[in-house]
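A closer look at the structure
Chain by chain, the residues run as shown.
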Amino acid sequence: MTFALYIARDTPLHRIPPAAKLLALVVAGIGVFLIPDPLWLLPLLAAIAVLFVVAQVPLGATARQLKPVAFLLVIIFLAHGAFTSWTLGVLVVLRFLLLLMMALLVSFTTRVSDMIETIETVLRPLANIGLNPAKVSLALSLALRFIPILAEMTHEIREAQRARGLDRNIIAIAVPLLVRTLRLANTLTEAIEARGWDPDPPARIRR
Amino acid sequence: MAFPTRGQTRYVAGAMIELRDIHHRFGDRIILDSVDLTIVERRVAIIGSNGSGKSTLVRLLNGLLVPHRGTVRVDGMDTRGEAKAIRRKVGFVFQDPDAQIVMPLVDEDIAFGLKNLKLSKDEIARKVEDVLSRYGLEHLRYQATHTLSAGEKQLLALSSVLVMEPDYVVFDEPMTLLDLRNKKMMATVLATLPQVAIVVTHDLDMLSGFDRVLVMDSGRIVMDGPPATAIPHYVGMMS
Ligand SMILES: Nc1ncnc2c1ncn2[C@@H]1O[C@H](COP(=O)(O)OP(=O)(O)OP(=O)(O)O)[C@@H](O)[C@H]1O
Ligand SMILES: [Mg+2]
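Please read these numbers as outputs of a predicted model, since none were measured by experiment.

Focus: the sheet that holds strand β7 (residues 77-78) of chain B
Residue and element names in this part refer to chain B.
- With antiparallel pairing, four strands are arranged side by side in an open sheet as β4-β3-β6-β7. The open sheet has two edge strands, β4 (29-39) and β7, and neither has a second partner.
- Bridge count for strand β3 (residues 17-26) against β4 is seven bridges, and the pairing is antiparallel. Paired with Ile17 across the two strands is Ile39, which belongs to β4.

Take a look at the structure:
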C-alpha cells in the first residue's frame, strides 16, 4: 500500500493549484451523489477518462489502484441487484468509481507535500482556537509516511512468529509491534527536533 | 576547504565544542560522570561498550538532551538557552534510517529541514537539487521513501541533514544496519565531508582516518588519543 501516487509530469492538470484541485474534488464528489440518473454519470466518467489522458497517467498505474477495489464494486453491484434493483446497482457503482477516479486523478497530479501545505493554509484561521496547523500538517505527513512502515513491520513480525508457530497469536504479534513502534517514535521525535522543526506559531498569534 | 594541521591532526579553523563537568542521570543511574571534553579536530570517533553512554554524550552536542549538571557550548553558544541556533550548526544522523526520514517522498524529506529554516521556495528547490545531484539521488527524487533500500535510506538521511549546511555532523552508529557495500559507500561519503564529524561506532575498521578517538566506559572517557593508541587500549579493555 502506498500513498505516494504522484507522477511527475508537466501537464495543465499538474499546474492547477492544489487548493483548486481539492475544492473541485469536494464539489464534484458531492455533485456525483446528487445526480440521480446513471445515464448522466456516464459522460462524467468519459470526461474523467479524458483528464487521465491529459494528465499523462499511465494506464498500468491506474489499473493497479483500481484492481483491489474492483472486487468490492462487483460485490456492491451484485448485492444491489439482488436486493433492490440493477439500476440502483449501476448508479452506486458508478458513483463510487467516479469518486475514486477523481481522487486518484488528484493524487496522481498533486504532490503530497503540496496537498498538506494547502490543508495547513486552510486550517490557519483555527490557530486562534488552539489548533496548531503546523502540528496537524506534520501529523498528516507522518501518518502517510508510517502507515506503510507499520504494515511492513507487522509483516516482518508475523513472518518471525510463524517460524515459532505463533503467527495466529495476537499477543505475540502486538507486543513486539508495540515495542518497535515506540522505539521508532522515540528516535523519530529526536530526528524531527534535530532538523529544527518548530511548531510554535509566530508570537503575534500566541500572545 | 583546507584544513590546518598540527602534527598529523587536522582542525577546522574556529570550530569548537566544549563540554564542562558534565553529569547526567536517568533515574538513579549515573550515565555520564564528570565528562570534560573540548573538540576542535575534524574527525572524532567515540567507541565503547553497549550502555557506556556514547549516545547520551552525543545527544548533548546539539541540545537534544541537556545535562543535569555542567555546560555544553558549541562555538561559544550554550545548548541550554540557544538550542534553536545550535540545531542549525549541529546536524545529527541516527542509526536507523527508517526512524529519521520524516516525509513520504525523497525530495520532500530533503526539503523538510529547509522549510524549518524558513527559506524561500526557490532557495529550497535549488538546495534540494544540489544535494540530490551531489549524492547521486536524482533518479530517486519522487520515490516513496519507504521503498528505498537501506543504503539509499541512510544516504537520504545524511543528505537531508547535510542540505541544511551544518558546521558539525554527529553520527550515532550510522552503518550498523548497512551491508558491506553500503558501509564502504558511507565511509567514503564520511571521509569527504568538509564538516567536523563526530562519529559513534562499533566498527573499528573505519577509524584509521580519524584524528582522535575517545573510549567510553561507564559514563566516563577512559582513553583519549589517536587511533593508533586508543584502539589497542579499547581492544585490551574488551578482552
Ligand atoms: N531515556 C532513557 N531512560 C533511562 N535510561 C536510559 C535512557 N537512555 C539511555 N539510558 C541508559 O543509559 C545508559 C547509556 O545509554 P547510551 O544509549 O548512552 O549507551 P551507548 O553507549 O550508546 O550504548 P550502545 O552501544 O548500546 O548504543 C544505558 O544503560 C541505558 O540503559
Ligand atoms: Mg548508542
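As for the site of ligand 1
Residue and element names in this part refer to chain B.
- Around ligand 1 lies a shell of 13 residues, among which Arg29, Gly51, Lys54, Ser55 and Thr56 are the nearest.
- Contact distances for ligand 1 include 2.8 Å between an oxygen atom and a backbone N or O atom of Gly51.
- Residue Thr56 places a side-chain N or O atom 2.5 Å away from an oxygen atom belonging to ligand 1.
- Considering ligand 1 on its own, with 630 Å² of exposed area, one finds that the protein chains cover 61% of that surface.

Overview of the nonpolar core
All names here are of chain B.
- Counting residues in each nonpolar core, the largest one holds 43 residues, and the members touching the most others are Ile110, Tyr135, Phe171 and Leu207.
- Per element, the largest residue contribution to this core is five residues, and it comes from helix α5 (residues 150-162).
- Excluding anything up to four places from it in sequence, Ile110 contacts Val128, Val131, Leu132, Leu156, Ser159, Ser160 and Val163.
- Leu37, Ile46, Ile86 and Ile198 belong to the second largest nonpolar core, which has 32 residues in total.

Focus on the packing of helix α3 (residues 106-116) of chain B against helix α4 (residues 121-134) of chain B
Residues and elements named next belong to chain B.
- Running from N to C, α3 and α4 cross one another at 125 degrees; their axes reach a closest spacing of 10 Å. Judged by the angle between their axes, α3 and α4 are oblique. Along this stretch, α3 crosses α4, giving a crossing that reads as right-handed. Residue-level inspection shows Val106, Asp107, Ile110, Ala111, Leu114 and Lys115 of α3 in contact with α4, the latter providing Ile124, Lys127, Val128, Val131 and Leu132.
- Class assignment of the residues belonging to the contact of α3 with α4 gives a composition of eight nonpolar, no polar and three charged.

Comments concerning the sheet that holds strand β8 (residues 90-93) of chain B
Residues and elements named next belong to chain B.
- The strand order β8-β9-β10-β5-β11-β12 describes an open sheet built from six strands, whose pairing is mixed. Edge strands, defined here as strands with exactly one partner in the open sheet, are β8 and β12 (220-225). Across this sheet, the average inter-strand angle for adjacent strands is 20 degrees, counted without regard to direction.
- Pairing analysis gives five bridges linking strand β5 (residues 43-48) to strand β11 (residues 212-217), with the strands arranged parallel. Pairing of Gly48 across the sheet is with Met216, part of β11.

Let's talk about the pairing of β3(B)
Residue and element names in this part refer to chain B.
- Taking the residues that link successive antiparallel strands as the turn, the β3-β4 hairpin has two residues, and the phi of Gly27 there is positive, at about 65 degrees.
- Pairing of β3 with strand β6 (residues 69-74), which is carried by five bridges, proceeds in the antiparallel orientation. Opposite Ile17, over in β6, you have Val74 as the bridge partner.

Some points on the interface of chain B and chain A
- With 30 residues of chain B in contact, the opposing surface of chain A contributes 30 residues.
- Around 2700 Å² of area is buried between chain B and chain A when both sides are counted, 57% of it from carbon and sulfur atoms.
- It is Ala99(B), Val102(B) and His146(B) in chain B that bury the most area against chain A; as a group they hold 21% of the surface buried on that side.
- The tally of links from chain B across to chain A stands at nine salt bridges.
- A salt bridge links Arg111(A) to Glu108(B); the shortest N-O distance between them is 3.8 Å.
- Taken together, chain B and chain A are joined by twelve residue pairs in polar contact (both at pLDDT 80 or more).
- For the side of chain B that touches chain A, the per-class residue count stands at 13 nonpolar, seven polar and ten charged.

About the thresholds
Residues numbered from 1 in each chain as written. Chains lettered and ligands numbered in written order. Predicted model: local features only at pLDDT ≥ 70, side-chain atom pairs only at ≥ 80, totals over all residues. Heavy atoms only, no water. Pairing = 2+ DSSP bridges. Helix = DSSP H or I, 4+ residues; strand = E, 2+ residues; numbered from the N terminus. Near = heavy atom within 4 Å. Polar contact = N/O pair within 3.5 Å; in protein donor to acceptor, adjacent residues only side chain to side chain. Areas by Shrake-Rupley, 256 points an atom, 1.4 Å probe, with all protein chains shown as cover. Core = buried A, V, L, I, M, F, W, Y, C linked by side-chain atoms within 4.5 Å. Buried < 20%, exposed > 50% of the residue type's maximum accessible area, 1.4 Å probe, protein only. Contact = heavy atoms within 4.5 Å. Axes fitted to C-alpha atoms, helices over the stretch in contact; angles between N-to-C directions. Parallel < 35°, antiparallel > 145°, perpendicular 65-115°, else oblique. Left-handed = near helix turned anticlockwise from the far one by under 90°. Nonpolar A, V, L, I, M, F, W, Y, C, P; charged D, E, K, R; others polar. Buried area = accessible area lost by both parts, 1.4 Å probe. Salt bridge = Lys/Arg side-chain N within 4 Å of Asp/Glu carboxyl O.

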